[in-house]
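Coordinate inspection notes
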Amino acid sequence: MTEKTPPFEFESALAELEALVNRMESGELSLEDSLAAFERGIGLTRQCQTALSEAEQRVQILMERNGVSGGIPFNAEPGE
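For the structure given in this document, a descriptive report is provided here. The numbering scheme is per chain: residues are counted from 1 as the chain's sequence reads. Local features in a predicted model are, by the rule used here, given only for residues with pLDDT of at least 70; side-chain atom pairs are given and counted only at 80 or more, and totals for whole chains, interfaces and linings are based on all residues. Each side-chain value is derived from all of the structure's non-hydrogen atoms; neither hydrogens nor water enter the calculation.

Patch construction takes residues with relative accessible area above 30% that form no salt bridge. Like charges are linked within 9 Å, and nonpolar side chains (Val, Leu, Ile, Met, Phe, Trp, Tyr) are linked within 5 Å. Note on areas: Shrake-Rupley with a 1.4 Å probe; residue coverage comes only from the protein chains shown. Between Lys or Arg on one side and Asp or Glu on the other, a salt bridge is scored when a side-chain nitrogen of the former is within 4 Å of a carboxyl oxygen of the latter. A cluster of nonpolar side chains, Met24, Phe38 and Ile42, forms an exposed patch at the surface whose accessible area comes to about 250 Å². Considering the arrangement of structural elements, one finds phenylalanine 38 in helix H2 (residues 31-65). With a 1.4 Å probe rolled over the protein chains alone, any residue whose accessible area is under 20% of its type maximum counts as buried; one over 50% counts as exposed, and the rest are partly exposed. Given a relative accessible area of 47%, phenylalanine 38 falls into the partly exposed group. Runs of H or I in DSSP of at least four residues are treated as helices and runs of E of at least two as strands, each being numbered from the N terminus.

Put simply, a nonpolar core is a bunch of buried Ala, Val, Leu, Ile, Met, Phe, Trp, Tyr and Cys residues held in one set by side-chain atoms that sit within 4.5 Å of each other. In this structure, Ala13, Leu17, Leu20, Leu29, Ala37, Leu44 and Cys48 together form the largest nonpolar core, which totals seven residues. Of all the secondary-structure elements, those providing two or more residues to this core are helix H1 (10-26) and H2. The contact criterion used is simple: two residues touch if any of their non-hydrogen atoms lie within 4.5 Å. Those residues in contact with leucine 17, other than ones at most four positions away along the chain, are Gly41, Leu44 and Thr45.

As for its placement among the helices and strands, threonine 45 is situated in helix H2. A C-alpha to C-alpha distance of 8.1 Å links threonine 45 and leucine 14, two positions 31 residues apart in sequence.

With that settled, the discussion passes to the pattern of salt bridges. Applying the stated criterion to the full structure yields one salt bridge. Two residues, arginine 40 and glutamate 16, come together in a salt bridge whose shortest N-O distance is 2.8 Å. Placement of the pair is arginine 40 in helix H2 and glutamate 16 in helix H1, with a sequence separation of 24 residues. For glutamate 16, a relative accessible area of 31% puts it in the partly exposed group.

Everything listed is a geometric property; what it means functionally is a separate question.
What follows is the structure, encoded as structure tokens:
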């Protein structure tokens, strides 16, 4: 029997990553627990980076389909 992997939820992964960082920064974890938390954090970071890259690609495709060329810089002031 094959187990199904639940769908990836970016916000949940980000919240878990933040909780892991807080636990590690508290200094209350053992070395073994800290390493396990670090390993889990690396996995979550990779999943989040992948999700962001996929979202960026989807936005780019949608912009191209609608004839929008280039992007708007995040630091640009409205009307520039």
